[in-house]
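Commentary on secondary and tertiary structure
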Amino acid sequence: MHTLISTYLIFFKIGAVSFGGGYAMLPFIEEEIIKRAHYLTYNEFLDILAISQITPGPIAINAATFIGLKHIGILGAALATLGIVSGPFIFMNLASLFLDKYKNSKFLENILHHIRPVTVALIFSAFLSTFQKSILDIKSLMIFIISFIVLYSKKFHPILVIFMFGFLGIILTYLKIL
């Protein structure tokens, strides 16, 4: 019972203090799930991050669901998902009471203006952390560079790039080239 409550509370805390969406939550998830609670290893986290990217839905909810499932099971998945969304749900309901009244406020505008760069820093921090743990050799560096170029050129849909390299990995593994 203690594990169920702590799982909900960990994800509630992550959801309640994260601004900027799923990518901005990644440093908090990494800190709370890997470093403090030890629910996952870094490699497991990177695998869940990859799975969360290719499954439909918000990355934070997908990651919470997968982490809860891996750590506890179906009930853990439900509690982690509920935890990650209940903080923002409560916060936005409270904030909506004030946002309409103060939507033209310079004070609110200044707060949001200063939160934006912090959000970018959180996303960049998640990128650096993930990059350091994912780019392990020349092969993974080349996959990163090619994927980045293909995605940045906007000629291919991101899902197509994921599947392209996934299928390439399957073929090379089957042919015992990797």
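About the criteria used
- Residues numbered from 1 in each chain as written.
- Predicted model: local features only at pLDDT ≥ 70, side-chain atom pairs only at ≥ 80, totals over all residues.
- Heavy atoms only, no water.
- UniProt positions renumbered as here; feature names shortened; annotations may be inferred.
- Phe/Tyr/Trp six-rings, centres within 6.5 Å; stacked < 30°, edge-to-face > 60°.
- Helix = DSSP H or I, 4+ residues; strand = E, 2+ residues; numbered from the N terminus.
- Buried < 20%, exposed > 50% of the residue type's maximum accessible area, 1.4 Å probe, protein only.
- Contact = heavy atoms within 4.5 Å.
- Axes fitted to C-alpha atoms, helices over the stretch in contact; angles between N-to-C directions.
- Left-handed = near helix turned anticlockwise from the far one by under 90°.
- Nonpolar A, V, L, I, M, F, W, Y, C, P; charged D, E, K, R; others polar.
- Core = buried A, V, L, I, M, F, W, Y, C linked by side-chain atoms within 4.5 Å.
- Expected span 1.5 Å × (residues − 1).
- Bend = angle between axes of the 7 residues up to and from the residue.
- Domains from an automatic or database assignment.

- The name that an unreviewed UniProt entry assigns to the protein is Chromate transport protein, with the source organism given as Peptoanaerobacter stomatis.
- Turning to the protein, the UniProt record has this under Subcellular location (unreviewed entry): "Cell membrane".
- UniProt's Sequence similarities (unreviewed entry) comment on the protein is quoted here verbatim: "Belongs to the chromate ion transporter (CHR) (TC 2.A.51) family."

**Points about the packing of aromatic side chains**
- A full pass over the atoms with the stated rule returns 8 aromatic pairs.
- Measuring from ring centre to ring centre gives 6.2 Å for phenylalanine 144 and phenylalanine 148, while their planes differ by 25°; the resulting arrangement is stacked. Of this pair, phenylalanine 144 and phenylalanine 148 both sit in helix H7 (residues 138–152), 4 residues apart, which is roughly one turn of that helix.
- Judged by relative accessible area, phenylalanine 144 falls into the partly exposed class, the value being 27%.

**With respect to the environment of serine 147**
- Its place among the elements puts serine 147 in helix H7.
- What makes serine 147 buried here is its relative accessible area of 13%.
- The spacing of serine 147 and isoleucine 162 is 15 residues in sequence and 8.5 Å in space, taken between C-alpha atoms.
- In this structure, serine 147 is in contact with Val161 and Phe165, ignoring residues within four places of it in sequence.

**Regarding the packing of helix H1 (residues 2–17) against helix H5 (residues 74–102)**
- H5 packs onto H1 with a crossing angle of 35° between their chain directions and a minimal axis gap of 7 Å. For H1 against H5, the interelement crossing comes out right-handed. Of H5, the residues touching H1 (which contributes Leu4, Thr7, Tyr8, Phe11, Phe12, Ile14, Gly15 and Ala16) are Leu75, Gly76, Leu79, Ala80, Leu82, Gly83, Ile84, Ser86, Gly87, Pro88 and Ile90.
- Looking at the contact of H1 with H5 residue by residue, the class counts come to 13 nonpolar, 6 polar and no charged.

**Thoughts on the nonpolar core**
- Grouped together as the largest cluster of nonpolar side chains are 21 residues, with contacts concentrated most on Phe11, Ile14, Ile29, Ile33, Leu40, Ile67 and Ile84.
- Those elements that place two or more of their residues in this core are H1, helix H2 (22–36), helix H3 (42–54), helix H4 (59–71) and H5.
- Discounting chain neighbours no more than four positions away, the residues touching isoleucine 67 are Phe11, Ile29, Ile33, Tyr39, Leu40 and Ile48.

**So, H2**
- The terminal C-alpha atoms of H2 lie 20 Å apart, and with 15 residues this matches the ideal 21 Å at 1.5 Å per residue to within 8%.
- Within H2, the axis deviates most sharply at phenylalanine 28, by approximately 35°.
- Within H2, burial applies to Gly22, Ala24, Met25, Leu26, Pro27, Ile29, Glu30, Glu32, Ile33 and Ile34.
- As for H2, its buried residues are in contact with H1, H3, H4, H5 and helix H6 (106–134).

**Details of the domain arrangement of the protein**
- Per the domain assignment, the segments making up the protein are domain 1 (1–103), domain 2 (105–133) and domain 3 (135–177).
- For domain 1 versus domain 3, the distance between C-alpha centres works out to 28 Å.

**Side note on the UniProt feature "transmembrane region" (unreviewed entry) in the protein**
- Those places that UniProt annotates as "transmembrane region" (unreviewed entry) correspond, in this numbering, to residues 6–26, 72–91, 111–128, 135–153 and 159–177.
- Summarising residues 72–91: 90% helix, 0% strand, and an end-to-end C-alpha distance of 27 Å.

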